[in-house]
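# Summary of structural features
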Amino acid sequence: MPDAPITDARTIGTPHLIRMHDLDNVAIVADDGGLPGGTALPGGLVLLDRVPQGHKVALADLAAGAPVLRYGVTIGRAIEAIPAGSWVHEGLIAIPAAPGLDDLPMATVRAEPMPPLEGYTFEGYRNPDGSVGTRNILAITTTVPCVAGVVDFAVGRIRNEWLPRYPNVDDVVGLEHAYGCGVAIDAPGAEIPIRTLRNISLNPNFGGELMVVSLGCEKLQPGRLLPPESIATAGPRLDVVCLQDEEHVGFLAMVDAIVATARGHLERLDARRRETVPASELVVGVQCGGSDAFSGVTANPAVGACVDLLVRAGASVIFSEVTEVRDGIDQLTSRASTPEVAEALVREMAWYDDYLNRGGVDRAANTTPGNKTGGLSNIVEKAMGSIVKSGSAPISGVLAPGEKLRHKGLTFAATPASDFICGTLQLAAGMNLHVFTTGRGTPYGLAAVPVVKVATRTDLARRWHDLMDLNAGTIADGSASIEEVGWVLFRLMLEVASGRKKTRAESWKLHNALVLFNPAPVT
Ligand code: CA
């Protein structure tokens, strides 16, 4: 994690640049609305161009071919000579090739052990398998999208007619998705969507209750989705409602069967109570989306500081998004706790390189128009700001897409950076709380876990005051430190995990659909 950003002394009315590292030959404009050409900057430099907020200014003359340095890293090379004071926009920077995967530093960093953080607790729901939920939700798993309309109808009825009678149950959700039939279910890669759906069904927030609605003729049969060995240690009971069974005569009979089956699960969920558990029972997934140049300055470093607190408290933290770490893979392999963990990181990078290559692209396909409007010129710059979410703890585990978490501490779960697919895969890993940073702004939310959203800029936090849970823009404003915001986030997470506080997305019931990652062919 970088030190606190090097910011010019703040005086009201003085232009504000943020430079991340003393090697950097560019800095970003922090001022709302950007700065006009001709602005005299602290230190004597004069802007030659108008520079939008979050965009880069050349701090020195850059010759054609010279490295453009941000975070102390070469984010690209100058395509032409760039005079000091110029706007260094994406059209002036040539992106470097992705770093090779041979000869990386493997588990070379021997970090000082972090002092344990003791005494922090939250109120959670203990599950039969030992995991802990932060919410008490009935999930209805589906094997195939054909059943989605019927399940939606039944969920609506359960929510309206039955949930009021089970006040300790937070919600009922249908786990709907686009997989299960019309797919090459035995192809290499098909195991990813299947195990993702299986492991989501076993998410700690679903209390070990398993209920599946199946059509009957689909490829993904319930016994393949949830074979007995996958649920033996979890202790849940599996109920299956199969719509094509002859006993269901008509649509309403199907709905009645789903509602009747759900009631047994609701009874058991309703009998549960929260109990005080150590903070080590948190399983936090961190992600960013709609990133801007402030993501790597404010919100992501604050999340990184919070991740360090969580790891010190013995919790599990998952970070992800392969294309957003690919350019900094050396930072991750060096932080791996063992050479085996470093090799697993390389394995996941190589798998994803190959996956992208088959589609005729590489990691540079990641950046969006919004990222670029927000000042991020390319994936290298975006990745440097994204990796800092992982804090500074050793990386002690690596998961392939859709796998379930096996370790406490910091784990890299390989996922696409797509907000919905990453969130879905982190649910499968077993997260019970989600932290999401955004600079451009997104109302993202999930039905299964609370999503704590952190704004990178005060302007966004002000405009989206009822969608953002925390403003990390105070770091750029100079009114809070990275560590202070990290602590505020840590305490907020314990409140949210305990159910004492709802996130904005929970209050408004903003729920994005699950999106399974299926790298295998469809038929
Ligand atoms: Ca994302």
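Anyway, here's the lowdown on the structure attached to this text.

Conventions adopted
Residues numbered from 1 in each chain as written. Predicted model: local features only at pLDDT ≥ 70, side-chain atom pairs only at ≥ 80, totals over all residues. Heavy atoms only, no water. Donors = N, O, S within 2.8 Å, 3.2 Å for Na, K, Ca; no water. Helix = DSSP H or I, 4+ residues; strand = E, 2+ residues; numbered from the N terminus. Buried < 20%, exposed > 50% of the residue type's maximum accessible area, 1.4 Å probe, protein only. Contact = heavy atoms within 4.5 Å. Pairing = 2+ DSSP bridges. Axes fitted to C-alpha atoms, helices over the stretch in contact; angles between N-to-C directions.

## What about the coordination of the calcium ion?
Ligation of the calcium ion by protein atoms is provided by Gln287 (OE1), Cys288 (O), Glu321 (OE), Ala417 (O) and Asp419 (OD), these donors lying 2.3 to 2.6 Å from the ion. One chain supplies every donor for the calcium ion, spaced along it as Q-C-x32-E-x95-A-x1-D. Here glutamate 321 lies in the loop between strand 16 (316-319) and helix 7 (329-335) and cysteine 288 lies in strand 15 (residues 283-288), a separation of 33 residues in the sequence. Accessibility expressed as a relative area gives 2% for cysteine 288, which makes it buried.

## Some thoughts on the environment of aspartate 466
Here aspartate 466 lies in the loop between helix 12 (458-463) and strand 21 (470-471). For aspartate 466, a relative accessible area of 28% corresponds to the partly exposed category. Sequence separation between aspartate 466 and threonine 276 is 190 residues, and the spatial gap between their C-alpha atoms is 30 Å. Among all residues touching aspartate 466, those that are not within four sequence positions of it are Arg504 and Trp508.

## As for the sheet that holds strand 15
Taken together, seven strands build an open sheet; the order of strands is 17-18-16-15-19-20-21 and the sheet is parallel. Two strands lie at the open edges of the sheet, namely strand 17 (395-399) and strand 21, each paired on one side alone. Pairing of strand 20 (residues 451-455) with strand 21, which is carried by two bridges, proceeds in the parallel orientation. Within the sheet, the bridge partner assigned to alanine 455 lies in strand 21 and is asparagine 471. Docked against the sheet, helix 14 (residues 482-497) engages strand 15, strand 19 (433-438), strand 20 and strand 21, running at close to 140° with respect to strand 19.

## Re the sheet that holds strand 12 (residues 209-214)
Strand order in the open sheet formed by four strands is 11-10-12-13, and the pairing between neighbours is parallel. With one partner strand each, in any of the chains shown, strand 11 (171-175) and strand 13 (237-242) form the two edges of the open sheet. Neighbour-to-neighbour, the strand axes of this sheet turn through a mean angle of 20°, independent of strand direction. This element, helix 1 (residues 148-162), spans strand 10 (137-142), strand 11 and strand 12 of the sheet and lies at about 175° to strand 11. This element, helix 2 (residues 191-201), spans strand 10, strand 11 and strand 12 of the sheet and lies at about 155° to strand 10.

## Looking at unusual backbone geometry
Even without being glycine, tyrosine 71 reaches a positive phi, approximately 60°. Within the secondary structure layout, tyrosine 71 lies in the loop between strand 5 (67-70) and strand 6 (73-78). Residue class for tyrosine 71 comes out buried when judged on its relative accessible area of 12%. One non-glycine residue, lysine 509, adopts positive backbone phi at about 55°.

These figures come from the coordinates and say nothing about function on their own.
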